[in-house]
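Coordinates in review
Residues per chain, in single letters:
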Amino acid sequence: VQLFEQAKLPVMQVLAYGEKTFLGVPVASLLVVNDVNGKAFQDVFTNETRSNRKKLAYALGSLTAAVHNAGINSIVRTQDTLCTGKPSTNYQDCLTVIDREHGDLYQQQLDLDTRTNQIARVYIQSIQQCKHTTRNELLAFLAGYFKNASTEEKRAFPQTVLDQIIRRLSVPKRQHILKQVEHILTPGKN
C-alpha cells in the first residue's frame, strides 16, 4: 500500500495494521482500511456498454503501466480493483486498488520479461473474471498500457505481449485471440 501511495496511485487507505510473528516468521496479520466506495471491476465491466467497457479496459491498462513505471513488481488483477467513479480512460478518475496478488515490498526496475508476463496475466485473468471480453477490450487494454510505456518499450512490447498472452491460453482460445488480433500481428493489415 505504501508503494502505491508513494507513486500517487489510487489505493485503499490503511488505518491500522499489525502482525504476529513466531520465531521471526509471520503467523497472523491484521489490516484495517477506510471503506472504499465502489463496485467490483468485473461486475461493472460485465454490465456496461461497449463504449464504457473499452474505457475501463483502457484505464486498467493505464493503471498497470503506472504500476510498472513506478517500479512496483505487482499484478493488478480485476478482482483487486474497484470502480469508484464513472467509466473513464483516466484510471485516477474511476479505479482504486484494494488488494494485490503478491509482489515485492520495494521499488525496482522491471525488465521486459517481467512486464510482458504481468500484462499477459492481467489480461488472461480479466478474460476469466469479466465475461465475454472482446478484441476491442483487448486492444483498449493494450492501448492504455502502451500509451504510458516508454518509447523504447513501445517498440518491443506489442508483439512480445501478444506472444505471452497467446502462450498462456488453451489451444481453442489461442485460435480465437489470434483471429481477433491478427491485424496487429500482420504488418500492413488494418
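In the block above lies the structure referred to throughout.
Reference entry: report on the structure contained in this document.

Calculation notes
- Residues numbered from 1 in each chain as written.
- Predicted model: local features only at pLDDT ≥ 70, side-chain atom pairs only at ≥ 80, totals over all residues.
- Heavy atoms only, no water.
- Buried < 20%, exposed > 50% of the residue type's maximum accessible area, 1.4 Å probe, protein only.
- Helix = DSSP H or I, 4+ residues; strand = E, 2+ residues; numbered from the N terminus.
- Pairing = 2+ DSSP bridges.
- Phe/Tyr/Trp six-rings, centres within 6.5 Å; stacked < 30°, edge-to-face > 60°.
- Contact = heavy atoms within 4.5 Å.
- Salt bridge = Lys/Arg side-chain N within 4 Å of Asp/Glu carboxyl O.
- Polar contact = N/O pair within 3.5 Å; in protein donor to acceptor, adjacent residues only side chain to side chain.

Before going further, it helps to examine the pairing of strand 1 (residues 14-22). With zero of nine residues buried, strand 1 is to be regarded as a mostly surface element. Here strand 1 runs beside strand 2 (residues 25-33); their pairing, made up of eight bridges, is antiparallel. Across the sheet, Tyr17 pairs through a bridge with Leu31, a residue of strand 2.

What follows deals with the packing of aromatic side chains. Inspection of the entire model under this criterion finds two aromatic pairs. With 5.7 Å between their ring centres and 15 degrees between their planes, Phe41 and Phe45 make a pair best called stacked. Of this pair, Phe41 and Phe45 both sit in helix 2 (residues 41-46), four residues apart, which is roughly one turn of the helix. Phe41 gets classed as buried once you look at its relative accessible area, which sits at 1%. Using a relative accessible area of 3% as the deciding quantity, one classes Phe45 as buried. A ring pair is formed by Tyr145 and Phe146, whose centres lie 6.2 Å apart and whose planes are at 90 degrees; its orientation type is edge-to-face. Judged by relative accessible area, which is 0%, Tyr145 ranks as buried.

With respect to the helices and strands, Pro10 occurs in the loop between helix 1 (2-6) and strand 1. A C-alpha to C-alpha distance of 8.2 Å links Pro10 and Tyr91, two positions 81 residues apart in sequence. Not counting chain neighbours up to four residues away, the residues in contact with Pro10 comprise Leu63, Tyr91, Gln92, Leu95, Thr96 and Val97.

To continue, consider the sheet that holds strand 3 (residues 39-40). Read from one edge to the other, the open sheet built from three strands follows the order 3-4-5, with strand pairing classed as antiparallel. Of all the strands in the sheet, just strand 3 and strand 5 (95-97) have a single pairing partner and so form its edges. Sheet analysis places strand 3 next to strand 4 (residues 81-83), joined by two bridges and oriented antiparallel. By the bridge assignment, Lys39 is partnered in strand 4 with Cys83.

Here we take up unusual backbone geometry. Even without glycine at this site, Lys8 takes up a positive phi of about 60 degrees. Looking at the element boundaries, Lys8 is found in the loop between helix 1 and strand 1. Phi is positive for Leu23, close to 55 degrees, though the residue is something other than glycine. Mapped onto the elements of the fold, Leu23 is located in the loop between strand 1 and strand 2.

Once that is clear, we can look at the pattern of salt bridges. The tally for this structure, following the rule as stated, stands at two salt bridges. Arg53 is the salt-bridge partner of Glu137, the closest N and O atoms lying 3.0 Å from each other. Of this pair, Glu137 sits in helix 6 (residues 135-147) while Arg53 sits in helix 3 (residues 50-69), and the two are 84 residues apart along the sequence. Across the pair, Arg53 and Glu137 agree in class, each one buried. One salt bridge connects Arg77 with Asp80, and the closest N-O pair in it is separated by 2.7 Å. Summarising the burial analysis for this pair, Arg77 and Asp80 share the class buried.

Moving on to the side chain of Asp80. If you trace the backbone, Asp80 turns up in the loop between helix 3 and strand 4. There is a polar contact of 2.7 Å between the side chain of Asp80 and the side chain of Arg77.

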